[in-house]
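Residues per chain are reported as follows:
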Amino acid sequence: MQEGENHALIARLQKEAKDAGGRFFVLNGNHELQAAIGDLRYFSEDDVMKFSELPGDTRSAKVRGAFVRGGPYANWIANNPVMVRVGRDLFVHAGLESWVEYFLIDEINAMVKSWFLYFQGNGPQPLLSTGWIIGQVGPMWTRLLSEGRISEEQISSMLKTKGVARVIVGHTVTASRLPEITYGGKLVKIDTGMSAAFGGNGPSAIQIMDGKLERFVFARPRSGLVDKCNAQLIPH
């Protein structure tokens, strides 16, 4: 799919969810941040070519132009959260560290948004003291939790401050290439390496209904969207 098609699909799903009385959330992560500052480290040549029609003297400028002021995706990514609570579940791109105990979810999202707006040319420079939020310890980059370098006591404390029972994260590819549940059910890791950069593993998903979490894998489609009929339940 081209970037425009991806965006159109997400917009359609958001509308369908709203019409059905639900919500469809898109979380910002390090890739959105890198796009906003023109960092192409994780962009393939095919990715870059998708932005070749945009103005700019360099490859980086062309890509960044799609995500900064006046670009087609600027407002969209600036208004996406980095962290969302749904019931007793907390969703965040990369993970948590001790900072989550000292800030409200809305405050975390607001700090991240202020940096996006700054990089896009749509806002003033935030206080430098908040720069950690977009750095290696922040919610878009940290790997401490996914790598098991936080104690169970620590994660329990962090989740308690947010009134949730578990946190769902991406960013760090799981060793099994399947969604993994660790810390006695308190952490769910769902980055299974679908990107070609990590081997192009087949699609996977989790489903949470009435608090019960199920994991699924799908047969990789030859083209188009994943067929839900090809879902295979992963036993606990």
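Since this is a predicted model, take the numbers as computed values, not measurements.

## Comments concerning unusual backbone geometry
- The phi dihedral of Y183 falls on the positive side, at around 55°, and the residue is not glycine.
- Note that Y183 resides in the loop between β4 (180-182) and β5 (187-189).

## Let's talk about the packing of aromatic side chains
- For the coordinates displayed, the defined rule picks out 6 aromatic pairs.
- Summarising the aromatic geometry, the rings of F67 and Y73 are spaced 5.5 Å apart at their centres and angled 40° between planes, so their arrangement reads as tilted.
- Judged by relative accessible area, F67 falls into the buried class, the value being 9%.
- By relative accessible area, which is 11% here, Y73 ends up buried.
- Seen from their ring centres, W99 and W132 are 5.6 Å apart, and the 40° between their planes marks the pair as tilted. Taken together, the residues span a long stretch of sequence, with W99 in the loop between β2 (89-92) and α6 (105-120) and W132 in the loop between α6 and α7 (152-161) at a distance of 33 residues.
- The buried category is assigned to W99, whose relative accessible area is 8%.
- Taken together, the ring pairs in this structure connect W99, F103 and W132 into an aromatic cluster.

Quick notes on the rules
Residues numbered from 1 in each chain as written. Predicted model: local features only at pLDDT ≥ 70, side-chain atom pairs only at ≥ 80, totals over all residues. Heavy atoms only, no water. Helix = DSSP H or I, 4+ residues; strand = E, 2+ residues; numbered from the N terminus. Phe/Tyr/Trp six-rings, centres within 6.5 Å; stacked < 30°, edge-to-face > 60°. Buried < 20%, exposed > 50% of the residue type's maximum accessible area, 1.4 Å probe, protein only.

Note that every value here comes from positions in space, so none of it alone points to a role or purpose.
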